[in-house]
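What follows is the residue order along each chain.
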Amino acid sequence: MTVRLLHQTDLFRPYIDPDDHWDLACVYALAASGQLELGGVLVDFPPDHYPGRSPDVTGVAQLSYLTGLPTHMAVGSSMPYTHDRASLNALSRRDRAGAEFILKYLRDSYGPAYISIVGSCRDLAVAAKLDPDLFHDKCTGIYLNAGTGHPDVAKQRGTEYNVELNAAAYAATFDIPCPIYWMPCFETMRDSTDRKVERFGTFYHFKQSDVLPKLSPALQSYFTYSLEARTDARYLQPLLAPQSDASSWFTIHADRLMWSTAGFFHMLSQSVDKVGKIIAGSNEDDAIFGFLPVDIKCDPNGVTTWTNAGADSNRFLFEVKNPDSYASAMTAAMATLLGNIQ
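Everything numeric in this text was worked out from a predicted model, so none of it was measured.

Draft legend 1. Looking closely at the overall build of the chain. Looking only at helices and strands, the chain features 13 helices and 15 strands. For 342 residues, the compact-globule estimate of 2.2 N^0.38 gives 20 Å, and the chain sits close to it at 19 Å. For the chain, the spread of C-alpha atoms along the three principal axes comes to 55 × 50 × 40 Å. Per-residue burial for the chain yields a buried fraction of 57% across its 342 residues. Here the contacts in the chain between residues at least 6 apart in sequence split such that 74% fall between residues at least 24 apart. When the accessible surface of the chain is totalled, it reaches about 14,200 Å², and 51% of it is carbon and sulfur. Averaging the locations of the 28 positively and 39 negatively charged side chains of the chain gives two centres separated by 2 Å.

Draft legend 2. Geometry of the pattern of salt bridges. All told, the structure shown has 13 salt bridges when counted by the stated rule. As a salt-bridge pair, Arg230 and Glu228 come within 3.5 Å of each other at their nearest N and O atoms. Judged by relative accessible area, which is 28%, Glu228 ranks as partly exposed. Across the pair Asp232 and Arg234 runs a salt bridge whose closest N-O atoms are separated by 3.1 Å. Linked through salt bridges whose partners overlap, the residues forming this network are Arg190, Asp194 and Glu198.

Draft legend 3. Main features of the sheet that holds strand S6 (residues 113–118). The nine strands lie next to each other as S5-S3-S1-S6-S7-S8-S15-S13-S14, forming an open sheet whose pairing is mixed. Taken across any chain shown, the strands that pair with only one partner, and hence form the sheet edges, are strand S5 (73–75) and strand S14 (304–308). Looking at each pair of strands side by side, their axes are set apart by 25° on average, direction ignored. Bridge count between strand S7 (residues 141–145) and strand S8 (residues 180–183): four bridges; the pairing is parallel.

Draft legend 4. Expanded view of the environment of Phe316. Of note, Phe316 is situated in strand S15 (residues 315–320). When the C-alpha atoms of Phe316 and Glu284 are compared, they prove to be 16 Å apart, with 32 residues separating the residues in sequence. Leaving out residues up to four positions away in the same chain, Phe316 has contacts with Pro179, Ile180, Tyr181, Trp182, Phe291, Leu292, Pro293 and Val294.

Draft legend 5. Layout of the layout of surface pockets. Approximately 510 Å³ is the volume attributed to the largest pocket. Taken together, 23 residues line the largest pocket, and the ones lying closest to its centre are Asp17, Glu160, Tyr161, Phe186 and Trp259. Looking at the lining of the largest pocket, the elements that each hand over two or more residues are helix H1 (19–32) and helix H7 (161–165). Residue classes in the lining of the largest pocket are distributed as 10 nonpolar, five polar and eight charged. Reported here for the second largest pocket is a volume of approximately 350 Å³. Forming the walls of the second largest pocket are 20 residues, and the residues nearest its centre are His266, Gly281, Glu284, Gly290 and Phe291.

Draft legend 6. Highlighting the nonpolar core. Trp22, Leu36, Leu219, Tyr222, Phe223, Met330 and Leu338 are the most contacted members of the largest nonpolar core, which totals 60 residues. Setting aside anything within four residues of it in sequence, one finds Leu36 in contact with Thr2, Val3, Leu5, Val27, Leu30, Ala31, Met267 and Leu268.

Draft legend 7. The arrangement of the environment of Tyr15 in detail. Tracing the chain through its elements places Tyr15 in the loop between strand S2 (12–13) and H1. Each residue touching Tyr15, except ones within four places of it in the same chain, is listed here: His21, Arg53, Ser226, Leu227 and Ala229. At 3.3 Å, the side chain of Tyr15 and the backbone oxygen of Leu227 are in polar contact.

Draft legend 8. Local environment of the pairing of S8. Alternating residues of S8 divide into Ile180 and Trp182 and Tyr181 and Met183, and every residue in both groups is buried. When S8 meets S15, the two strands line up parallel, connected through three bridges. Looking at S15, one finds that Trp182 is bridged to Leu317.

Draft legend 9. Up close: the packing of H1 against helix H9 (residues 217–227). Contact geometry for H1 and H9: axes closest at 10 Å, N-to-C directions at 155°. Viewed along their axes, H1 and H9 adopt a mutual orientation that is roughly antiparallel. Seen from above, H1 lies across H9 with right-handed handedness. Contacts between H1 and H9 pair His21, Trp22, Leu24 and Ala25 from the former with Tyr222, Phe223, Ser226 and Leu227 from the latter. The residue makeup of the contact of H1 with H9, split by class, is six nonpolar, two polar and no charged.

What counts and what doesn't
Residues numbered from 1 in each chain as written. Predicted model: local features only at pLDDT ≥ 70, side-chain atom pairs only at ≥ 80, totals over all residues. Heavy atoms only, no water. Helix = DSSP H or I, 4+ residues; strand = E, 2+ residues; numbered from the N terminus. Rg over C-alpha atoms; globule rule 2.2 N^0.38 Å. Buried < 20%, exposed > 50% of the residue type's maximum accessible area, 1.4 Å probe, protein only. Contact = heavy atoms within 4.5 Å. Areas by Shrake-Rupley, 256 points an atom, 1.4 Å probe, with all protein chains shown as cover. Lys, Arg positive; Asp, Glu negative; His and termini not counted. Charge placed at Lys NZ, Arg CZ, Asp CG, Glu CD. Salt bridge = Lys/Arg side-chain N within 4 Å of Asp/Glu carboxyl O. Pairing = 2+ DSSP bridges. Axes fitted to C-alpha atoms, helices over the stretch in contact; angles between N-to-C directions. 1 Å grid on protein atoms, 1.4 Å probe; cavity = no way out; pocket = protein on both sides within 12 Å on 5 of 7 lines; lining within 4 Å. Points joined across faces, edges and corners; volume = space filled by probe spheres on them. Nonpolar A, V, L, I, M, F, W, Y, C, P; charged D, E, K, R; others polar. Core = buried A, V, L, I, M, F, W, Y, C linked by side-chain atoms within 4.5 Å. Polar contact = N/O pair within 3.5 Å; in protein donor to acceptor, adjacent residues only side chain to side chain. Parallel < 35°, antiparallel > 145°, perpendicular 65-115°, else oblique. Left-handed = near helix turned anticlockwise from the far one by under 90°.

If you want it as structure tokens, here you go:
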């Protein structure tokens, strides 16, 4: 049966971090190739500490046009999640819309239904509080891109950004009664100039010049429009005349920091080998990443601890198996995947 995905993202215009535009393109590329059905895109409500941002409706619309796929999109809650039931009941209709979007997606799904979280867990936590049984019965798995994965809490050295957005919601996610594929953004929080790949962190980086020239002209134009933070509402025109919409030198040569790519392959039972070839997930010996069964505890402040568990666990921790090849291989695999958008 067709795999379905609801993709939750902090996708804004102007961007806070344009890795979300790369992630969204990967999701649409998988849908365009027929490997999954995109059940919806849920965009976070803009955080107060980054004023002047709005959910990037135009970025979603551009990829919808390029792939010929309909747009199903909602905007998340402006109110932080708390464990207080009275606060949940007091949410306005617009602040419940993101959670209801998730619940409708699950109710309408038959077969494998996944959720990817690459921003705040706020709306997911509200949805699970409203109807936990629906997650037990219908959600095949949640790919949670947040947090720090070092087994020694003292060495995690800080709180990762997606956790900071709503720590209580992040903590509540680990109580949801369905499989959780935890993808810590880092093993240990560190200076932004430290580009080291670590065993229990999804982070990697690449030069955009290694990927952008390999993409179709129209998709390059999508990235130019996003990476250069344009706010012109006439989003279709650059896609229709991409030859006149060249990327700036800075856009071409900038470094791009990434985190979430591996989860998109894994939910399709795929992996990546050390030279960047997309392979069947069953070829574990050749895979550069995998997931370990673990037991996870998370306190209300978003501090996460884990221990190894048996095969019957439904909590899994991302693991880099080949740190030396991980960044280059993920970059090559992503470039291949994005070739599905013409």
